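Below, each chain spelled out in residue letters.
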Amino acid sequence: MPGAYAYYPGCTQESSAKEYGESTKLVCEELGIELHEIDGWTCCGASSAHTTNHLLSVALPARDLQVAEEMGMPVAVICAMCYSRLKYASHELNDPKTLALVNEVIEKDFQNTTQVLHLLEILDKERIPVRKPLKRLKVVCYYGCILARPKKVTHFDDEENPQIMDRLLGKLDAVSIDWGFKTECCGASLTLSRRDLVRDLSHRVLEAARRAGADCIVVACPMCHSNLDMQQAGIAEQHGSKADIPIIYFTQLVGLSLGLNPGRMMFDRHFVDPQPLLREKGVI
Amino acid sequence: MTTTTVIPSVSREFLLAVQQESQQNVLRCYQCGKCSAGCPLAYAMDLGPRRVMRAVQLGLKDYVLSCTSIWICVSCETCSVRCPREIDIARVMESLRMISVEEGFSPAEKEVEIFHRAFLEVIEKRGRAFETELVASYSMGGVGALRTSMGNIALLPGMLSKGKLAIVPPSVSGANDVKKIFAKVREIEQRETSGGSE
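Enquirer: Could you clarify how one ought to interpret the sheet that holds strand 4 (residues 116-118) of chain A in this entry?
Expert: Sheet strands pair by backbone hydrogen bonding; their relative direction is either parallel or antiparallel. Residue and element names in this part refer to chain A. Spatial strand order, 2-1-3-4: four strands in an open sheet with parallel pairing. Strands at the two margins of the open sheet, each flanked by one partner only, are strand 2 (34-37) and strand 4. Neighbouring strand axes in the sheet, compared pairwise and without regard to direction, differ in orientation by 40° on average. In the packing of helix 3 (residues 54-71) onto the sheet, contacts are made with strand 1 (4-8), strand 2 and strand 3 (75-77), and the angle to strand 1 comes to roughly 160°.

See the structure below:
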């Protein structure tokens, strides 16, 4: 049954990953899932906070979790990094001493009762009325490193071989190919500082997808998307490969299968344009 | 092959500080090497995660705080979930980064540290990450940062035409809360440093 959620969009929805946020809103609207944006939501601190200061890395997400607690709804997150940071904060705040200290920082009386869910977990329990099946489009599901890890914190899915996105794509009539790179890292936040390493790691992911025979890679993380899509031409240059694998957010494919207007899925914002592939397969 | 002789300073205090910061019992590590085997970035590090763990056990403070590994680690947590001794190795790496900054070590991967600092500056100011300002602020961080940033300049026209870079900074009603959180965290840290450990 569709429910109501306190929605945490994440900073990238305002710029680099607008297509993820927009397709999420349209899909949820279509499915009757209510997303109520957390009032004045602020950054989770991402990789930078937990690299610099532990208390800060828990207090920043706690601020948003506290507002959601007042809303009385579970939090729906789409960015894998935000999801990880919010989950980590909840986990750490189970310790009463940490909770007291963080309450001193955020100047609130947070009880840490907020449940945090990734949109994949929400959709897993929904019936998806598929109107335009994906016609056996061959995909590999790329979960990235932190969505499923560590299980004792996220309780998301299997750490080494998650299935939740594969299950969803199967319902949409895509063929989700089993592969070994579901949870390998793309290089994450090193994009600016050590782009060479990001290109190495992302190259391996792209090559593995090619070897698996996939038409495209389906992702659930804006950082994975930006490393695999935006850097793909540079990766091709550095490794003598081709920039020809579209990287698509799962929400965009759910949107298509629900019969939503493909234009509203914003495929034209991608660097490697998925539209020729989707046209060839008769999906759009 | 050339060899480098390292004469490290050994400190048990250092081991205890790492264990305190990370809340991990580093001495549980029995050096199986599963962390280094699975680490996607070990190839780019001067010390693989297994060697970092050993160096911490031995209290080789200068040796470990000046390695590139602690900055190249992106906390993907592959090591942490595979460790048969259930040590959160990524958390140990994180703690090493924090201690190295606190102790004034010059980071072996300067640009990585500049990036994180720029990121936090932007969210402290705006409440959210404003990517355009982040890139600008990172680029101003030094010659190396400017050079790596310029390396991505070919992406700029595409990013602008596809609307991947916001021009106007976000207006966030919670921004003031974030400023207060940063201030309060600093205050608590000072209290703990001056008052000794709790």
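Having seen the structure, we can now continue with the description.
Enquirer: What's the story with the pairing of strand 2 of chain A in this structure? I'm lost.
Expert: Here is the key point about a regular strand: its side chains alternate between the two faces of the sheet. All names here are of chain A. Where strand 1 meets strand 2, four bridges bridge the pair, whose relative direction is parallel. Counterpart to Ala 6 in the pairing with strand 2 is His 36. Assessed by its sense of winding, the connection that carries the chain from strand 1 through helix 1 (residues 18-31) to strand 2 is right-handed.

Enquirer: Explanation requested: the domain arrangement of chain A in the structure shown.
Expert: Interfaces are often sized by the amount of accessible area the parts lose when they come together. Residue and element names in this part refer to chain A. Each assigned domain of chain A is listed with its residue range as follows: domain 1 (4-121) and domain 2 (128-280). Between the C-alpha centres of domain 1 and domain 2 there is a distance of 23 Å. Across the contact, 24 residues belong to domain 1 and 28 residues belong to domain 2. Of all elements in the fold, only helix 1, helix 4 (80-92) and helix 6 (119-124) reach the threshold of two or more residues within the side of domain 1 that touches domain 2. The dominant element in the side of domain 1 that touches domain 2, judged by the number of residues it contributes, is helix 1, at nine residues. Grouping the amino acids of the side of domain 1 that touches domain 2 by side-chain chemistry returns 10 nonpolar, eight polar and six charged.

Enquirer: When you look at the interface of chain A and chain B in this model, what are you seeing that I'm missing?
Expert: Listed as interface residues are 45 residues of chain A and, on the opposing side, 49 residues of chain B. Within the residue set of the side of chain A that touches chain B, elements represented by two or more residues are helix 2 (46-52), helix 3, helix 5 (96-106) and helix 9 (195-212) of chain A. A total of seven residues in the side of chain A that touches chain B trace back to one element, the largest contributor, which is helix 2 of chain A. Classifying every residue of the side of chain A that touches chain B by side-chain character gives 22 nonpolar, 13 polar and 10 charged.

Enquirer: Sorry if this is basic, but what is going on with the domain arrangement of chain B here?
Expert: Split by domain assignment, chain B resolves into domain 1 (12-102) and domain 2 (110-194). Taking the mean C-alpha position of each, domain 1 of chain B and domain 2 of chain B sit 27 Å from one another.

Enquirer: Explain the environment of Arg199(A) to me, please; I cannot follow it from the model alone.
Expert: Residues and elements named next belong to chain A. Inspection of the secondary structure assignment puts Arg 199 in helix 9. Residue Arg 199 is classed as buried on the basis of its C-beta count, with 23 C-beta atoms lying within 10 Å. Measuring from C-alpha to C-alpha, the distance between Arg 199 and Pro 61 comes to 30 Å, with 138 residues separating the pair along the chain. Excluding residues within four positions of it along the chain, Arg 199 makes contact with Gln 231, Gly 234, Ile 235 and Gln 238.

Calculation criteria
Residues numbered from 1 in each chain as written. Chains lettered and ligands numbered in written order. Predicted model: local features only at pLDDT ≥ 70, side-chain atom pairs only at ≥ 80, totals over all residues. Pairing = 2+ DSSP bridges. Helix = DSSP H or I, 4+ residues; strand = E, 2+ residues; numbered from the N terminus. Axes fitted to C-alpha atoms, helices over the stretch in contact; angles between N-to-C directions. Contact = placed C-beta atoms within 7 Å. Right-handed = clockwise from strand over helix to strand, strands pointing away. Domains from an automatic or database assignment. Nonpolar A, V, L, I, M, F, W, Y, C, P; charged D, E, K, R; others polar. Buried ≥ 20, exposed ≤ 12 C-beta atoms within 10 Å, placed from the backbone.

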